[in-house]
Each structure stands twice: as C-alpha cells, then as structure tokens.
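Structural description and commentary
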Amino acid sequence: MIKEEKIVAGFVNTENTAHRPDGIYGEVIAQIKKEGICPFCPGNLMKHHTNPILAEGSCWILTKNAFPYENVKHHILIIHKNHIERIEEVSPEAWIELKSLIETFSKENNIPGGTIVMRFGNTAYTGATVSHLHANFVSPNGEDENREPIIARIG
Ligand SMILES: [Zn+2]
C-alpha cells in the first residue's frame, strides 16, 4: 500500500545540509529557502551560483558545483533546464543528451572514471538539497593513491 507523502520539502531542503562540513553551504540554502525560489531554475541560477556554464544542450546545462564534495577533482552539476523533479519526467531525448554531455566532458577532461548521483522526487527521502532534478558528476583525484573517499548523502 502506498502511503500518502506527508513530508513536503519545497524547492530546497535545509535538513539535508547538516552533514556538509562547510557551514556556508547551509547558510546559502537557508537564504534560498527564505527567498522561496528554486535555485536551479534558469532565471534564478545565477542569483546564488557564480560558476560559468561549461556546456549546454537543449535539455541540460553543466556547471562546476560551487560547493563540491570533499576529496573530488571534479564535481559537476548537470541540471535539467526546465523545472522537473521526478525521473519519469525525463524525456528519452534528455537521457540521450545526458549521456552525450557526460561522455564529452569526460573526454575533454581526461576523466578515467567517475560517478553519477541523481536523486529524484521528494528530498525528504533522497538526501538532496535541491528538488529541481540534477545529477552530481564526481571524479576523484586518481593520482593520489592514499585519497580519502568521496562522501555524499543518499536517502
Ligand atoms: Zn527549478
């Protein structure tokens, strides 16, 4: 039986910033929550995000995360251009473009291996901070044999 979702997180979820060691990130998300805007919607993205757009397709944009996870060489946000939150809203064309953007970025940056984390739906269940559908593309510094793991909140 499916329970009715009673927890509504809104555009951002300040509960999910608690595990981040950088307190500034939590402050930025709290400010966005006060403003009541979606930080990843096209008209709002540059209000709190100052990194340039690295690549743009018809469905997604790529930009460097301003608040990268610890121990990464690359932490790229791949943000769906239109505001969607659920996986079933991603069109077949968007999936194809996502693959292409990841491949191109990997090739251009000589990334031998990476991880894609895409959390979808109610952020009270995912650990994501922003509801607007996006993927986190992370890659460690592979040349450091003693590197620490990259830690991300999931669930
Ligand atoms: Zn949005």
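Read on for an overview of the structure. Not measured: the values here are computed from a predicted model.

**Digging into the overall build of the protein chain**
- Counting secondary structure elements, the protein chain contains four helices and five strands.
- Helices and strands appear in the protein chain in the N-to-C order α-α-β-β-β-α-β-α-β.
- Scaling as 2.2 N^0.38, a compact globule of 155 residues should have a C-alpha radius of gyration of about 15 Å, and the protein chain matches this with 16 Å.
- C-alpha atoms of the protein chain, sized along the principal axes, occupy 45 × 40 × 35 Å.
- Within the protein chain, the fraction of its 155 residues that count as buried is 41%.
- A sequence separation of at least 24 residues applies to 59% of the contacts in the protein chain between residues at least 6 apart.
- Taken as a whole, the protein chain presents about 9,300 Å² of accessible surface, with 53% of it coming from carbon and sulfur.
- The protein chain carries 15 positive and 19 negative side-chain charges, and their two centres are separated by 3 Å.

**A closer look at unusual backbone geometry**
- In the Ramachandran plot, Asn71 falls in the positive-phi region, its phi being about 70° despite a non-glycine side chain.
- In this structure, Asn110 is a non-glycine residue whose phi angle is positive, near 50°.
- Here Asn110 shows up in the loop between helix 3 (92–108) and strand 4 (115–118).

**Thoughts on helix 1 (residues 23–35)**
- Under the 1.5 Å per step criterion, the end-to-end length of helix 1 is 19 Å for 13 residues, consistent within 8% with the ideal 18 Å.
- Buried residues of helix 1: Tyr25, Val28, Ile29 and Ile32, and no others. Seen from one end, helix 1 has its buried residues packed into an arc of 95°, which puts them on one side. Exposed and oriented more than 90 degrees from the buried face of helix 1 are Ile24, Glu27 and Lys34.

Thresholds applied
Residues numbered from 1 in each chain as written. Predicted model: local features only at pLDDT ≥ 70, side-chain atom pairs only at ≥ 80, totals over all residues. Heavy atoms only, no water. Helix = DSSP H or I, 4+ residues; strand = E, 2+ residues; numbered from the N terminus. Rg over C-alpha atoms; globule rule 2.2 N^0.38 Å. Buried < 20%, exposed > 50% of the residue type's maximum accessible area, 1.4 Å probe, protein only. Contact = heavy atoms within 4.5 Å. Areas by Shrake-Rupley, 256 points an atom, 1.4 Å probe, with all protein chains shown as cover. Lys, Arg positive; Asp, Glu negative; His and termini not counted. Charge placed at Lys NZ, Arg CZ, Asp CG, Glu CD. Expected span 1.5 Å × (residues − 1). Arc of directions from axis to C-beta.

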